[in-house]
Amino acid sequence: MTYIYRRKSVSELETIAEEIRREHPARQRGYVIDIELILDDLNIDIVFRKGLNRFVEGYLSRDRHIIVMDETRFTNPTRARFTLAEEFCHRVLEEDLWKNDDCEKHRCDRIPAAQHRLVEEDARKLAGALLMPRGDFTSLYSARARTLKNARASEQNVIRESLKEVAQLFEVSPFAAAFRALDLKLISRADLNRLFPS
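These remarks concern the structure in this document. (Residues numbered from 1 in each chain as written. Predicted model: local features only at pLDDT ≥ 70, side-chain atom pairs only at ≥ 80, totals over all residues. Heavy atoms only, no water.)

**Description of the overall build of the protein chain**
Point 1. Helix and strand counts for the protein chain come out as 10 helices and five strands.
Point 2. Out of the 198 residues belonging to the protein chain, those deemed buried represent 45%.
Point 3. Contacts spanning at least 24 positions in sequence make up 61% of the contacts within the protein chain whose residues lie at least 6 apart.
Point 4. Carbon and sulfur atoms form 50% of the exposed surface of the protein chain, whose accessible area is close to 10,800 Å². (Helix = DSSP H or I, 4+ residues; strand = E, 2+ residues; numbered from the N terminus. Buried < 20%, exposed > 50% of the residue type's maximum accessible area, 1.4 Å probe, protein only. Contact = heavy atoms within 4.5 Å. Areas by Shrake-Rupley, 256 points an atom, 1.4 Å probe, with all protein chains shown as cover.)

What follows is the structure, encoded as structure tokens:
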């Protein structure tokens, strides 16, 4: 039997993120969602491996209580936090597969590329929604952008500086904040590509 992942809507992903935060209210300090302590609450261990970064930054082990991370990721804590959240979100989004021990049966490590892309995209979006709640992110980004526009900053600087500020408040990278802004339609794909060319 082939594993089929059902893509989640934006609304579903936002609701899942809200539920996770509601289940772990003590894990929010200011705007920061403490993903490491959420993992600790759920008895999920982080195992570090050397040299993993050539292929991936992290992955959810077949033992669903272990997230494997490249040890170099923790030299950049904001990036590490997002990677941890994204791997945790794989567990959340594919819970039925993991809890029924169906991963081995479905050869999870060999799902078709199209399925893999859907799961990865939803995990990234859910991680963004978890670490950067929609309401807080939108109001903080919009307030900063408004201030910069009133100061006559260029559109590019408005976007760049607004993302930089909200990234600091949520303790994520500007790149993660940019994808969240894109998901929330606060910036365009062209804006994202200008700020972070491939």
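**Concerning the layout of surface pockets**
Point 1. There is about 210 Å³ of room inside the second largest pocket.
Point 2. In terms of lining residues, the second largest pocket is bounded by Ile 16, Glu 19, Ile 20, Glu 23, His 24, Leu 42, Arg 64, Phe 88, Arg 91, Val 92 and Glu 95.
Point 3. Top element by residues in the lining of the second largest pocket is helix α1 (residues 10–23). It accounts for four residues.
Point 4. Grouping the amino acids of the lining of the second largest pocket by side-chain chemistry returns five nonpolar, one polar and five charged. (1 Å grid on protein atoms, 1.4 Å probe; cavity = no way out; pocket = protein on both sides within 12 Å on 5 of 7 lines; lining within 4 Å. Points joined across faces, edges and corners; volume = space filled by probe spheres on them. Nonpolar A, V, L, I, M, F, W, Y, C, P; charged D, E, K, R; others polar.)

**Topic: the pairing of strand β5 (residues 66–70)**
Point 1. Within β5, four of the five residues are buried, leaving the element largely enclosed by the surrounding structure.
Point 2. Where strand β3 (residues 45–49) and β5 come together, five bridges link them in parallel fashion. Opposite Val 47, over in β5, you have Val 68 as the bridge partner.
Point 3. Pairing analysis gives three bridges linking strand β4 (residues 58–60) to β5, with the strands arranged antiparallel. (Pairing = 2+ DSSP bridges.)

**Notes on the pattern of salt bridges**
Point 1. The tally for this structure, following the rule as stated, stands at 14 salt bridges.
Point 2. For Asp 122, the salt bridge identified is with Arg 7, shortest N-O distance 3.5 Å. Note that Asp 122 is positioned in helix α6 (residues 113–131) and Arg 7 in the segment before α1, a separation of 115 residues in sequence.
Point 3. Taking the relative accessible area as the measure of exposure, Asp 122 reaches 1% and is therefore buried.
Point 4. Arg 7 sits in the partly exposed class, given a relative accessible area of 35%. (Salt bridge = Lys/Arg side-chain N within 4 Å of Asp/Glu carboxyl O.)

**Digging into the nonpolar core**
Note on soluble globular proteins: their nonpolar side chains tend to be buried together.
Point 1. Ranked by internal contacts, the top residues of the largest apolar core, which has 50 residues, are Ile 35, Phe 88, Met 132, Phe 137, Leu 163 and Ile 187.
Point 2. Apart from the residues within four sequence positions on either side, Phe 88 is in contact with Ile 20, Ile 35, Ile 38, Leu 39, Leu 42, Ile 44, Ile 67 and Leu 130. (Core = buried A, V, L, I, M, F, W, Y, C linked by side-chain atoms within 4.5 Å.)

**Focus: the packing of helix α7 (residues 134–150) against helix α8 (residues 155–170)**
Point 1. Between α7 and α8, the least distance of the axes is 9 Å, while the angle of their chain directions is 140 degrees. Between α7 and α8, the angle is such that the two are oblique. In this structure, α7 crosses over α8, and the sense of that crossing is right-handed. Between α7 and α8, the residues in contact are Asp 136, Phe 137, Leu 140, Tyr 141, Arg 144, Ala 145, Leu 148 and Lys 149 and Glu 155, Asn 157, Val 158, Ile 159, Glu 161, Ser 162, Leu 163, Glu 165, Val 166, Leu 169 and Phe 170, respectively.
Point 2. Residues that form the contact of α7 with α8 fall into these classes: 11 nonpolar, two polar and six charged. (Axes fitted to C-alpha atoms, helices over the stretch in contact; angles between N-to-C directions. Parallel < 35°, antiparallel > 145°, perpendicular 65-115°, else oblique. Left-handed = near helix turned anticlockwise from the far one by under 90°.)

**Quick look at helix α9 (residues 174–183)**
Point 1. The buried count for α9 comes to eight of 10 residues, which makes it a mostly enclosed element.
Point 2. Regarding α9, the residues found buried are Ala 176, Ala 177, Ala 178, Phe 179, Arg 180, Ala 181, Leu 182 and Asp 183.
Point 3. Where α9 is buried, its residues touch α1, α3 (77–93), α6, α7, α8 and α10 (189–195).

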